[in-house]
Amino acid sequence: MTGDIRSLATGLFRERFGRAPRALAVAPGRVNLIGEHTDYSGGHVLPMAVDRHVVVAFDAAGGQASRFCSADFPEMAEFDQRAPSSCGAGHWTNYVMGPAGVFSSQGRDIPAIDAAVAADLPKGAGLSSSAALEVASGLAFLSTAGCAGEVSPRSLALACQEAEHRYAGVKCGIMDQLSVACAEDGKAMYIDCHNLFVKTVELPAAMAVLVVDSGVPRKLAEAAYNQRREDCESAARKLSKELGRRVRLAEVTHDELNEFGRSALDKTELRRARHVVGEELRSSRAVDCLRRGDLEAFGELARESHRSLAEDFEVSCPELDKLVAAACRIEGVFGARLTGAGFGGAAVVFCRADGVGPISAELTAAYRARTGIETRPVLVRPSAGARVEQLR
Ligand code: NG1
């Protein structure tokens, strides 16, 4: 970015509202390196915020209603920020009104704002543009209310997660919002999604991270995502009964699952549980590999993660499988896997930092040959979390 995006948001604000904005709320996207579909089961995840952003240019509004326009959508959204109502699944305005609705229901006095949104974060491509939009909008409302300093990044993330549940209808975990709100420049974050403890992890300089869009849009992903969450919750309930104590699925051990899984769970729950229990082990091993600089072993864990997501968690699709397989055949690639919720969307590819150009070109050609789909790998670097920049 982000100079261009800043001026795009500022210019759009001037054009639509006839004055200059007071400040910019800037929020990065994120990519998850490993630890997939474990956040809502209380597991560990390893995302990093990326150097692609959503920028919200904003100022207090003259009237009672908030107004949001976007460089990517023609309509101007106008709503009562103290009691907004959802616009139905998938609508971009849910992500801007949701955080205001949640803060208001917490008893905060949230004033109306005028805002203009611009992004260099591709939508629906696995970089969590929705969480970035929520966190940036949430910060814009808090800053105008004069209470941005009272709300910690962690509380902001929790409010945005609640907004996603209530306004977008996705019962997501905390990974996206927490990484967008709390990230540190240059580092990935190993998050314990049960107690929200975060350890930062440096990425070895020899490894580059590429995000590659499969070009397959996520269809009906909200319903399928919520179904996976239900499968995991019912597996956890049944295993808790067998074990005689209340457990989160991510804290069940391999031995416990082997002993009780077959008798206590149905086939679907058993497969979901196998993924979560295995992924939890893989993510902790992955952190050790990164700390040791063992990139071959890290890449193997990524490949295993993809297999498990495809076979046991059933969130891949033929194109993502082809993309990952094509990437893993290229010399200089350590490993690859789908990233984020799946059902389409993007893969993350880990490769030699000194081979990014040729590896990207080879992957683009190999994926085109296998699927006829054009894609362009995006090199991402670990970036800082969301912030407000005052303009006047
Ligand atoms: P994305 O890729 O942003 O849709 C989703 C959830 C996360 C997490 C991952 C799977 C949302 C907003 N976020 O990520 O909480 O569960 O899937 O690991 O749906």
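Everything below is about the structure shown above.
Residues numbered from 1 in each chain as written. Predicted model: local features only at pLDDT ≥ 70, side-chain atom pairs only at ≥ 80, totals over all residues. Heavy atoms only, no water.

Peer 1: Can you explain the pattern of salt bridges? Please cite residues and give values.
Peer 2: When the charged atoms of two side chains with opposite charge come close together, those side chains can pair. Under the definition given, this model contains 26 salt bridges. In this structure, the salt-bridge partner of Glu-256 is Arg-245, at a minimum N-O distance of 3.2 Å. Linking Glu-256 in helix 7 (residues 254-264) with Arg-245 in the loop between helix 6 (221-243) and helix 7, this pair joins segments that are eleven residues apart in sequence. The class for Glu-256 is buried, based on a relative accessible area of 17%. Relative accessible area serves as the criterion here: at 39%, Arg-245 is assigned to the partly exposed category. Notably, a salt bridge pairs Asp-354 with Arg-352, separated by 2.8 Å at the nearest N-O pair. What makes Arg-352 partly exposed here is its relative accessible area of 40%. Salt bridges sharing partners connect three or more residues here, namely Arg-19, Asp-59, Arg-67, Asp-114 and Arg-392. (Salt bridge = Lys/Arg side-chain N within 4 Å of Asp/Glu carboxyl O. Helix = DSSP H or I, 4+ residues; strand = E, 2+ residues; numbered from the N terminus. Buried < 20%, exposed > 50% of the residue type's maximum accessible area, 1.4 Å probe, protein only.)

Peer 1: I'd love a proper account of the nonpolar core, names of residues and values included.
Peer 2: Among the nonpolar cores identified, the biggest contains 80 residues, and Val-31, Val-56, Phe-68 and Val-209 are the most heavily contacted of them. Counting residues per element, this core draws most heavily on helix 3 (residues 129-145), which supplies nine residues. Sequence-distant contacts of Phe-68, defined by excluding residues within four places in its chain, comprise Val-56, Glu-75, Met-76, Ala-77, Phe-79, Trp-92, Val-96, Ile-113, Ala-115, Val-117, Ser-137 and Phe-141. Counting 49 residues, the second largest nonpolar core, distinct from the first, contains Leu-249, Val-252, Leu-257 and Leu-309. (Core = buried A, V, L, I, M, F, W, Y, C linked by side-chain atoms within 4.5 Å. Contact = heavy atoms within 4.5 Å.)

Peer 1: An account of the packing of aromatic side chains is requested, with residue identities and associated values reported.
Peer 2: All chains considered together, the criterion is met by seven aromatic pairs. Ring plane angle 35 degrees and centroid distance 5.9 Å describe the contact between Phe-68 and Phe-141, whose orientation is recorded as tilted. Taken together, the positions of Phe-68 in strand 3 (residues 66-70) and Phe-141 in helix 3 put the pair 73 residues apart, joining distant regions of the chain. Phe-141 shares its class with Phe-68; the two are buried. Consider the rings of Phe-298 and Phe-350, whose centres lie 4.8 Å apart with planes at 75 degrees: the pair is edge-to-face. Residue Phe-298 is located in helix 9 (residues 295-311), and its partner Phe-350 is located in strand 10 (residues 346-352); the two are separated by 52 residues in the primary sequence. (Phe/Tyr/Trp six-rings, centres within 6.5 Å; stacked < 30°, edge-to-face > 60°.)

Peer 1: Lay out the packing of helix 7 against helix 8 (residues 267-292) in plain terms, naming residues and giving numbers.
Peer 2: Contact geometry of helix 7 with helix 8 gives a least axis separation of 11 Å together with a crossing angle of 175 degrees. Here helix 8 runs roughly antiparallel to helix 7, going by the angle between their axes. For the pair helix 7 and helix 8, the contacting residues are His-254, Leu-257, Gly-261 and Arg-262 in the first and Leu-270, Ala-273, Arg-274, Val-277, Gly-278 and Leu-281 in the second. In terms of residue class, the contact of helix 7 with helix 8 is made up of five nonpolar, three polar and two charged. (Axes fitted to C-alpha atoms, helices over the stretch in contact; angles between N-to-C directions. Parallel < 35°, antiparallel > 145°, perpendicular 65-115°, else oblique. Nonpolar A, V, L, I, M, F, W, Y, C, P; charged D, E, K, R; others polar.)

Peer 1: A description of the sheet that holds strand 8 (residues 207-213) should follow, citing residues and the corresponding values.
Peer 2: Taken in spatial order, the four strands make up an open sheet running 9-10-8-11, and their pairing is antiparallel. Taken across any chain shown, the strands that pair with only one partner, and hence form the sheet edges, are strand 9 (333-339) and strand 11 (378-380). This sheet shows a mean twist of 30 degrees between the axes of neighbouring strands, independent of strand direction. In this sheet, strand 10 lies alongside strand 8 in antiparallel orientation, the contact comprising seven bridges. Paired with Val-211 across the two strands is Val-348, which belongs to strand 10. The sheet contacts of helix 10 (residues 318-328) involve strand 8, strand 9 and strand 10, and relative to strand 9 the element is tilted by about 170 degrees. (Pairing = 2+ DSSP bridges.)

Peer 1: Tell me about the site of the ligand, and please be specific about residues and values.
Peer 2: Among the 16 residues in the neighbourhood of the ligand, the closest are listed as Glu-36, His-37, Asp-39, Asp-176 and Tyr-225. A distance of 2.7 Å separates an oxygen atom of the ligand from a polar backbone atom of His-37. At a separation of 2.6 Å, an oxygen atom of the ligand approaches a polar side-chain atom of Asp-39. Within the complex, 95% of the 430 Å² of free accessible area of the ligand lies under protein. When atoms are counted within 2 Å of each cavity's grid points, the one that captures over half of the ligand is the largest pocket. For the shell around the ligand, the residue count by class is six nonpolar, four polar and six charged. (Near = heavy atom within 4 Å. Polar contact = N/O pair within 3.5 Å; in protein donor to acceptor, adjacent residues only side chain to side chain. Areas by Shrake-Rupley, 256 points an atom, 1.4 Å probe, with all protein chains shown as cover. 1 Å grid on protein atoms, 1.4 Å probe; cavity = no way out; pocket = protein on both sides within 12 Å on 5 of 7 lines; lining within 4 Å. Sits in = over half its atoms within 2 Å of the grid points.)

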